[in-house]
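Remarks on the overall topology
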Protein chains: 2
Amino acid sequence: MLEIRHLKTLHALREADSLVDAADRLHLTQSALSHQFKELEERMGMPLFVRKTKPVRFTSAGLRLLQLADATLPLLRAAERDISRLAGGTAGRLHMAIECHSCFQWLMPTIDQFRDAWPEVELDLASGFSFAPLPALARGDLDLVVTSDPLELAGITYVPLFTYEAMLAVANQHRLASKPYIVPEDLLPETLITYPVERDRLDIFTRFLEPADIEPAQVRTSELTVMMMQLVASGRGVCGMPHWALHEYSSRGYVKAKRLGEKGLFATLYAAIRADMLDAPYMRDFLLTAKDTSFSTLDGVSAVR
Amino acid sequence: MLEIRHLKTLHALREADSLVDAADRLHLTQSALSHQFKELEERMGMPLFVRKTKPVRFTSAGLRLLQLADATLPLLRAAERDISRLAGGTAGRLHMAIECHSCFQWLMPTIDQFRDAWPEVELDLASGFSFAPLPALARGDLDLVVTSDPLELAGITYVPLFTYEAMLAVANQHRLASKPYIVPEDLLPETLITYPVERDRLDIFTRFLEPADIEPAQVRTSELTVMMMQLVASGRGVCGMPHWALHEYSSRGYVKAKRLGEKGLFATLYAAIRADMLDAPYMRDFLLTAKDTSFSTLDGVSAVR
DNA sequence: AACGATGTTGAGTTTGTCTCATGTTGAAGG
DNA sequence: CCTTCAACATGAGACAAACTCAACATCGTT
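Now for a look at the structure at hand. All figures in this text were calculated on a predicted structure; none of them were measured in a lab. Along each chain, residue indices are assigned from 1 in the same order as the chain's sequence is written. Chains and ligands are labelled sequentially in the order written, the chains with letters from A and the ligands with numbers from 1. With the structure being a predicted model, the display of local features is reserved for residues of pLDDT at least 70 and the display and counting of side-chain atom pairs for 80 or more, all residues being used for whole-chain, interface and lining totals. Side-chain calculation: all heavy atoms of the structure are included, whereas hydrogens and water are not.

**Here we look at the protein's contact with DNA strand D**
Here a residue is near a molecule or strand as soon as one of its heavy atoms is found within 4 Å of it. Within the structure, DNA strand D sits among 19 residues, and A:Ser34, A:Arg51, B:Arg5, B:Thr29 and B:Ser31 are positioned closest to it. In this structure, B:Glu39 approaches DNA strand D through a side-chain N or O atom, which is 3.4 Å from a phosphate oxygen. To qualify as a helix, a DSSP run of H or I must reach at least 4 residues; to qualify as a strand, a run of E must reach at least 2; elements of each kind are numbered from the N terminus. Listing elements by their share of the surface near DNA strand D, those giving two or more residues are helix H2 (19-25) and helix H3 (30-44) of chain A together with helix H3 (30-44) of chain B. Ten residue types, Ala, Val, Leu, Ile, Met, Phe, Trp, Tyr, Cys and Pro, are classed as nonpolar, four, Asp, Glu, Lys and Arg, as charged, and the remainder, Gly among them, as polar. Looking at side-chain class alone, the surface near DNA strand D contains four nonpolar, nine polar and six charged residues. Side-chain atoms alone can form a polar contact between residues adjacent in sequence; in general such a contact is a pair of N or O atoms within 3.5 Å, and within protein one must be able to donate a hydrogen while the other accepts it.

**Notes on the relation of the copies chain A and chain B**
Laying chain A over chain B is done by rotating through 180° and shifting 0.1 Å along the axis; what remains is an RMSD of 0.2 Å. In the structure described here, the two chain copies are related by an operation that fits a two-fold rotation axis. Taken as a fraction of all interface residues of chain A, those also at the interface in chain B reach 100%, which identifies the copy contact as same-surface. Here the copies were fitted onto each other by least squares, based on C-alpha atoms from residues at pLDDT of at least 70 in both. The contact rule is simple, with two residues in contact once any of their heavy atoms fall within 4.5 Å.

**Details of a negative patch on the surface**
Surface patches are defined over residues having more than 30% relative accessible area and no salt bridge, joining like charges when they lie within 9 Å and nonpolar side chains (Val, Leu, Ile, Met, Phe, Trp, Tyr) when within 5 Å. In these tables, accessible area is a Shrake-Rupley quantity obtained with a 1.4 Å probe, and a residue counts as shielded only by the protein chains included in the view. Salt bridges are defined by distance alone: a side-chain nitrogen of Lys or Arg within 4 Å of a carboxyl oxygen of Asp or Glu. Under this rule, positive means Lys or Arg and negative means Asp or Glu; His and the chain ends count for nothing. To locate a charge, the coordinates of NZ of Lys, CZ of Arg, CG of Asp or CD of Glu are taken. Together, A:Asp149, A:Asp200, A:Glu210 and A:Asp213 give the surface a local cluster of negative charge. On the accessibility criterion, A:Asp213 (71% relative accessible area) is exposed. Under the scheme applied here, a residue whose accessible area is under 20% of the maximum for its type counts as buried, over 50% as exposed, and between as partly exposed, the area being computed with a 1.4 Å probe on protein chains only.

**Describing the protein's contact with DNA strand C**
Near DNA strand C, the surroundings consist of 19 residues, among which A:Arg5, A:Thr29, A:Ser31, B:Gln30 and B:Arg51 are the closest. At the protein interface, 59% of the atoms of DNA strand C within 4 Å belong to sugar or phosphate. Within the side chain of A:Gln36, one N or O atom sits 3.5 Å away from a phosphate oxygen of DNA strand C. Counting residues per element, the ones that place at least two in the surface near DNA strand C are H3 of chain A together with helix H2 (19-26) and H3 of chain B.

This is the structure we're talking about:
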């Protein structure tokens, strides 16, 4: 019924003073616009503008459509721009979210380096713990999600970034500090400190305690890593944490990092992206950069690749 | 390039699970959609969705266009609805603004009565002193402006509502209280209280003091009528005001209302509307209702018609 | 292997949109 | 009053776009 062409014509007509002028701007003949308006006004059942004045004057209906044009044409242009960027490949959008509390540390250098290489790519990082990032990724609101549990989802692929060891932080003089490694039973009398997220997203529960059917004496949460370290150092609890996030504290003798289980508890961080984005050159490069920089920033911390 | 048809098709495709289904919903053949997408994807330079899955899966580009569709299609529908209401005539929009501080008094009954008669008309009243209402009227953001100075503007017509007398409020024991009428010179030693608007929108200046080249000793402003009456009653100034706005106070002996000039100072309130809205039945009715109710509410106050 | 459901493709038809040529209208000026 | 000019309207025809139809390809299912 109503077409974009009509909105563009109305818009041009407002800029110009007459049909003749507007036709010029649109690279059409005056006749074309005349026909176009005749038909549109017929369909609308009312005139859209007064022709006999200079400049032309719009009727209420015409003004309403102009309002629509003002609202929609910019959206349209923006979308077309985004699409042609996507097609071009050297530009685009990369909106990220991280599910992992301690990922800034290695992601920031990645982003900095990437920004230099691809200045045309619109970067955004939402530390969105407030919403479910994977559906947003599938919906197209996000372009990359850093996560450690790759749940099967149509159209989403997971690119492994690096593997790390989850360890247990305990106070230096803690009774467990001298053990070569921790077994689930060791945590029975302990207070376990975690980030405030669902249990099934915490490896220490899903892959260490729950298989052994062990529940710690108490579980408390904290939002900030420093805060957690403080609690651990003062002997008020223990906490599971990636080795590299712990390194800053354990290397200075603030807390001790203990292996979980005899063979250690290893987990992998993945970049979740929509499958078709694997082809985008800037995405490939981002993933490579992420692997590289995570390797070098976490180097001294013995990241397992 | 990109057409509304495409957005509608994409939208339908998301609701449906397949091209066949989507085609049904759009009352087209599946072949039509296949052709449509083939051409669109060619133009965009990339696929928009994956066909081999059920339900279909959109690519990043497809998701971007869906996002556009979600943003624009509702706007489009709303505009089309507004237009057909306009054409129908029994429904529509009536967004008003009043330039006049004391107009609520008679406008409110008008609106109440009108709302009953035309429930389908979307009413809104902005007491917008914050912006210029007449350009907004011409632009289509407003549909009716109540004003007392009809300034010439293309496409805007002014419908007179009623004429009222501007009078001077003075304290009961004021030296001017006993005069039969006020002359400009009387205000030379006085403090004049006005609403906080530009002088050239105040009749007492433009049509009483300035023609006689008289400037009061002092001018102070107040936003509220009650406040002004308080100041007047306590002898701290005088103030010009429509007779009907004054009536509430003068009839109770709180202040005295004096005629301005021997023959009185009369002004007319107009409804400014876009010329073509004169034909809309609900607009005609609103104007009649406004005249009627202004007459009856201001009746005992001797409004001049 | 056969079938049904889904999507693609090419040909042909319909519909729509533009241009060109010409007609109409209204304002300005002699 | 008539001419002139500019703006817009209108009709015919050219052309392109978008659809349908029919035939074919593909894939998962029975």
